Amino acid sequence: MKENSCIFTIFGATGDLTKRKLIPALYILYKQKRLPEGCSVVAIGRRKKTSAEYIEEMKNFMVDELQRIVDQNIWAEFSSLITYHEMSFTDDEGYVTLKGLFEKVGKSSNRIYYLAVAPEFFEVIVDKLHGHSMIENKDSWQRVIIEKPFGSNLKTARKLNESITNVIHEDKIFRIDHYLGKEMLQNILSIRFGNSIFEPLWNHSYIDHVQIISTEKLGVASRGAYYENTGIIRDMLQNHILQMLTLIAMEPPVNLEAESIRDEKVKVLRALRQFEKSNIEETFVPGQYGPGNGMPGYRQEDNVDPQSNTDTFIAVKTFIDNFRWGGVPFYIFAGKRMAEKTTKIIIRFKKLPGINFYEGYENTEANVLVIRVQPDEGLFFRINAKNPGNDFAINSVDLDYCQDCGYKGNSPEAYERLILEAMNDNKSLFTRWDELEYSWKFIDSLCKARTAESLIYPNYEAGGKPPAEAVRLIEKDGRKWWREKADEVL
Ligand code: BG6
């Protein structure tokens, strides 16, 4: 039996995340022979069904909804590892039968408990697992993966963390942020610290500003009830966006150990400028989509209050008050139901002084490095060069690198990587408690400083242009949101 083999136990087996991400990721890992030998899957849900019904449902969802190609033979082998177990998460009886089930289904005594459930169940599940002595077997390992949202503000996150760490050691806790499993986020460290042309310039002397743009075409779909309690600030900014920001801004870690990387990320979060009532107007623009382009507005979505003031869009200007980044604005632009799905990080270098022969070319673009997280993973560096021909005309040229193109095969999906890393006990791609603590502090300062009274929602059309105020936020500083193509709607 492989040391990293385990019974992968999913709480919330019929939920959206399990169907969309976890089962497909486990299937691909199995198909690619990367799932450790001897692994099995116990899928726990509250609905009554047989394992055969569950397996069929998962396969149909992958084929019909996700449009994935499923190899019948491989699926048959893979699905023989899955057992569905019906139980209520709060009911002791269920944990007793679960323990019995483990004996039957798996050869491995290692466990991953994946909590793909609504946050109100995190504490109770961990408590019950502890109560039934299911997370402290010394001859094997047990790990708990916790999905977001981890709390809804600093106070609730602290409380949740305390009750979880009271019964399990931090070493066993894997707080997931799936963006950390994305190929290009992993690549940020190599780009920054693997190229002598970037690192010496990576500071306030040479960088004018940074933009993080993260837009989605999708609305809230069937997640209205969840989204009403989170909004984009807690759903995206507190976690995924701040993770991108810390990777861009952190100091080089002393080595690639999880703790060294996380130490540096925490320092960035600690240096983030907090929002105040006095600076909120010029640093924050919220938004909510209304009907447009044949799509309903947020207030018309299922399980959403028709008067809701939940934000589905934000534009933010923030600073990292440390030596490297003093005075460099970090602009964030994120929204649901925007014109396109894109996540990119833009590093805009400073312009050259308009002297000597640059005088006549004052409109020459500054150098820009764009890290394309998705789609079309890759990056490009915009430089200036002379146009071919007799005239001396300078133009921008993009040195483009497409990450998928050179690599034969699909780059792994975030969840595939994260599941494997949890099995291998590599925590660098998971969030440590103090990262969460400081990110919540930042978010709390924003929520406290903003004034809800002035909201006039909706303020942008589904699938259309962003709120006009968001454009003004950056343009009043003499800068523009990054557009890759002139006709891009930003
Ligand atoms: C999830 C959010 O964490 O990330 C969703 O809850 C969001 O609202 C999603 O759509 C975005 O992830 P990705 O990988 O599609 O960019």
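Being a predicted model, the structure only gives us computed values, none of them experimental. (Residues numbered from 1 in each chain as written. Predicted model: local features only at pLDDT ≥ 70, side-chain atom pairs only at ≥ 80, totals over all residues. Heavy atoms only, no water.)

Focus: the overall build of the protein chain
What the protein chain contains, in helices and strands, is 14 helices and 17 strands. Since a compact globule built from 490 residues should have a radius of gyration of about 23 Å, the 24 Å found for the protein chain is in line with a globular shape. Each principal axis of the C-alpha distribution contributes one length, and for the protein chain these read about 80 × 50 × 45 Å. Residue burial in the protein chain is summarised as follows: out of 490 residues, 54% are buried. Summarising the internal contacts of the protein chain: among those between residues at least 6 apart in sequence, 77% fall at separations of at least 24. Put simply, the protein chain shows about 22400 Å² of open surface, and 49% of that area lies on carbon and sulfur atoms. One finds the centroid of the 64 positive side-chain charges in the protein chain at a distance of 0 Å from the centroid of its 70 negative side-chain charges. (Helix = DSSP H or I, 4+ residues; strand = E, 2+ residues; numbered from the N terminus. Rg over C-alpha atoms; globule rule 2.2 N^0.38 Å. Buried < 20%, exposed > 50% of the residue type's maximum accessible area, 1.4 Å probe, protein only. Contact = heavy atoms within 4.5 Å. Areas by Shrake-Rupley, 256 points an atom, 1.4 Å probe, with all protein chains shown as cover. Lys, Arg positive; Asp, Glu negative; His and termini not counted. Charge placed at Lys NZ, Arg CZ, Asp CG, Glu CD.)

Remarks on the sheet that holds strand β14 (residues 378-386)
Strand order in the open sheet formed by eight strands is β8-β10-β11-β7-β12-β13-β14-β15, and the pairing between neighbours is mixed. Two strands lie at the open edges of the sheet, namely β8 (284-287) and β15 (394-402), each paired on one side alone. Here the average twist between neighbouring strands, direction ignored, is 15 degrees. Pairing between strand β13 (residues 368-374) and β14: five bridges, direction antiparallel. Following the sheet pairing, Val-370 is matched in β14 by Phe-380. (Pairing = 2+ DSSP bridges. Axes fitted to C-alpha atoms, helices over the stretch in contact; angles between N-to-C directions.)

Digging into the packing of aromatic side chains
One pass over the structure, following the stated rule, counts 26 aromatic pairs. Seen from their ring centres, Phe-11 and Phe-89 are 5.9 Å apart, and the 70 degrees between their planes marks the pair as edge-to-face. Of this pair, Phe-11 sits in strand β1 (residues 7-11) while Phe-89 sits in the loop between β3 (82-86) and α4 (92-105), and the two are 78 residues apart along the sequence. When sorted by exposure, Phe-11 lands in the same class as Phe-89, which is buried. Each ring, one from Phe-11 and one from Tyr-95, has its centre 6.3 Å from the other, and the planes form 25 degrees; the classification is stacked. Of this pair, Phe-11 sits in strand β1 while Tyr-95 sits in helix α4, and the two are 84 residues apart along the sequence. (Phe/Tyr/Trp six-rings, centres within 6.5 Å; stacked < 30°, edge-to-face > 60°.)

Regarding the pairing of strand β12 (residues 342-349)
Of all eight residues making up β12, seven are buried, and the element is well covered by its neighbours. Both strand β7 (residues 207-215) and β12 contribute to a ladder of eight bridges, which runs antiparallel. Looking at the pairing, Ile-212 lines up with Ile-345 of β12. Across six bridges, β12 lies against β13 in antiparallel orientation. In the strand pairing of β13, Ile-347 is matched with Leu-369.

Quick word on the pattern of salt bridges
Scanning all chains against the criterion turns up 33 salt bridges. Two residues, Lys-148 and Asp-235, come together in a salt bridge whose shortest N-O distance is 3.2 Å. Taken as a pair, Lys-148 in the loop between β5 (142-146) and α6 (154-167) and Asp-235 in helix α8 (residues 224-249) lie far apart in primary sequence, 87 residues in all. A salt bridge links Asp-311 to Arg-450, with the nearest nitrogen and oxygen atoms 2.7 Å apart. Taken together, the positions of Asp-311 in the loop between β9 (289-290) and β10 (313-319) and Arg-450 in the loop between α13 (433-449) and β17 (460-461) put the pair 139 residues apart, joining distant regions of the chain. As far as the burial class goes, Asp-311 and Arg-450 line up, both buried. Residues joined by salt bridges that share partners form a network here, namely Glu-259, Arg-262, Asp-263, Arg-432 and Asp-434. (Salt bridge = Lys/Arg side-chain N within 4 Å of Asp/Glu carboxyl O.)

A short note on the sheet that holds strand β4 (residues 111-115)
Read across the sheet, seven strands follow the order β3-β2-β1-β4-β5-β6-β16 without closing on themselves; strand pairing throughout is mixed. Of all the strands in the sheet, the pair left with one neighbour each is β3 and β16 (430-431). Two strands pair when backbone bridges link them, and β1 and strand β2 (residues 40-45) are joined in this way by five bridges, in the parallel orientation. Bridge pairing links Phe-11 to Ile-44 in β2. Sheet strands touched by helix α1 (residues 16-31): β1, β2, β3 and β4. Its angle to β1, the strand with the most contacts, is close to 170 degrees.

Things to note about the environment of Gly-151
Turning to its location among the elements, Gly-151 is positioned in the loop between β5 and α6. By relative accessible area, Gly-151 is classed as buried at 15%. A sequence separation of 285 residues divides Gly-151 from Leu-436, and the C-alpha atoms of the two residues are 9.5 Å apart. Not counting chain neighbours up to four residues away, the residues in contact with Gly-151 comprise Thr-156, Ala-157, Leu-160 and Trp-440.

Considering the site of the ligand
Taken together, Lys-148, His-178, Tyr-179, Lys-182, Glu-216, Arg-223, Tyr-226, Asp-235, His-240, Lys-336, Lys-341 and Gln-374 form the complete shell of residues around the ligand. Between the ligand and Tyr-179 there is a distance of 2.4 Å, counted from an oxygen atom to a side-chain nitrogen or oxygen. For the ligand, whose accessible area on its own is 400 Å², the fraction buried by protein is 82%. If you tally residues by element for the shell around the ligand, the top one is α8, at three residues. Of the residues assigned to the shell around the ligand, the class counts are two nonpolar, three polar and seven charged. (Near = heavy atom within 4 Å. Polar contact = N/O pair within 3.5 Å; in protein donor to acceptor, adjacent residues only side chain to side chain. Nonpolar A, V, L, I, M, F, W, Y, C, P; charged D, E, K, R; others polar.)

By themselves these figures say nothing about function.
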